[in-house]
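Structural overview for review
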Amino acid sequence: MMPRFIQKPSPKWIPTAVIARATLVLLLFSISNFKPELPHRIPILITNDYIYWIICSISSLLFGYFTSLLMMYTPNLVEDEYKGTVSMIAALSIAIGVASGLQFTKILELIVIKQV
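Residues numbered from 1 in each chain as written. Predicted model: local features only at pLDDT ≥ 70, side-chain atom pairs only at ≥ 80, totals over all residues. Heavy atoms only, no water.

At their nearest, the axes of helix α3 (residues 49–73) and helix α4 (residues 83–112) sit 10 Å apart, and the two run at 160° to each other. By the angle class used here, α3 and α4 are roughly antiparallel. Note on packing geometry: the crossing formed by α3 with α4 is right-handed. Where α3 abuts α4, its residues F63, T67 and M71 lie against S87, A90, A91, I94 and V98. (Axes fitted to C-alpha atoms, helices over the stretch in contact; angles between N-to-C directions. Helix = DSSP H or I, 4+ residues; strand = E, 2+ residues; numbered from the N terminus. Parallel < 35°, antiparallel > 145°, perpendicular 65-115°, else oblique. Left-handed = near helix turned anticlockwise from the far one by under 90°. Contact = heavy atoms within 4.5 Å.)

With that out of the way, let us pick up α4. The end-to-end C-alpha distance of α4 is 42 Å, a good match for the 44 Å that 30 residues give at a rise of 1.5 Å each. For α4, every residue scored as buried is listed here: V86, A90, L108 and V112. Here the buried face of α4 lies against α2 (14–30) and α3. (Expected span 1.5 Å × (residues − 1). Buried < 20%, exposed > 50% of the residue type's maximum accessible area, 1.4 Å probe, protein only.)

Right, let's get into the layout of surface pockets. The volume enclosed by the largest pocket comes to roughly 760 Å³. For the largest pocket, the lining is made up of 22 residues, of which V25, F29, G101, L102 and T105 are closest to its centre. Only α2, α3 and α4 provide two or more residues apiece to the lining of the largest pocket. Its residues placed into classes, the lining of the largest pocket shows 13 nonpolar, 6 polar and 3 charged. One number sums up the size of the second largest pocket: a volume of about 310 Å³. If you trace the second largest pocket, you find 16 residues lining it, with V18, F63, T67, L70 and I94 closest to the centre. (1 Å grid on protein atoms, 1.4 Å probe; cavity = no way out; pocket = protein on both sides within 12 Å on 5 of 7 lines; lining within 4 Å. Points joined across faces, edges and corners; volume = space filled by probe spheres on them. Nonpolar A, V, L, I, M, F, W, Y, C, P; charged D, E, K, R; others polar.)

A ring pair, where both rings are aromatic, is described by two values, the distance of the centres and the angle of the planes. Applying the stated criterion across every chain, the model contains 3 aromatic pairs. Look at F29 and Y52: their rings are 5.7 Å apart centre to centre, the planes differ by 65°, and that puts the pair in the edge-to-face class. Of this pair, F29 sits in helix α2 while Y52 is found in helix α3, placing the two residues 23 residues apart along the sequence. When the centroid spacing of 5.6 Å and the interplanar angle of 55° are considered together, the rings of Y65 and F66 count as tilted. Note on F66: relative accessible area 9%, which makes it buried. Three or more aromatic residues joined by ring pairs make a cluster, and in this case those are F29, Y52 and W53. (Phe/Tyr/Trp six-rings, centres within 6.5 Å; stacked < 30°, edge-to-face > 60°.)

Our focus in this paragraph is the environment of T67. Inspection of the secondary structure puts T67 in helix α3. Judged by its relative accessible area of 17%, T67 is buried. Along the chain, T67 and V18 lie 49 residues apart, while their C-alpha atoms are 9.2 Å from each other. There is a polar contact of 2.7 Å between the side chain of T67 and the backbone oxygen of F63. (Polar contact = N/O pair within 3.5 Å; in protein donor to acceptor, adjacent residues only side chain to side chain.)

Spanning 25 residues, α3 covers 36 Å between terminal C-alpha atoms, matching the ideal 36 Å at 1.5 Å per step. For α3, the complete set of buried residues consists of I55, C56, S59, Y65, F66, T67, L69 and Y73. Against the buried residues of α3 lie α1 (2–5), α2 and α4.

So this is what it looks like as structure tokens:
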């Protein structure tokens, strides 16, 4: 419901916002206490579990917000006859992005966790 009332950034700047969010989340999760029972390659700077959960919550909120904005902006960028097709392609892109992101957590784990 947030994107219905707040529509920032504009279609021109949303790629920059999405890339900035992804970079920030990747950095924050890399320095948090991910799997505390295992040794880490990257120094742990965020040791508080509550801060970790706040980062998770904000990340989820921003992901949903930007996804909703993209789904709202996409059909308006093409002619009327292509709006349905473009919307389906956008939904497919989001589904592929979610699946890729889930798989990327395994790669992030290999980067962060020191193999013994």
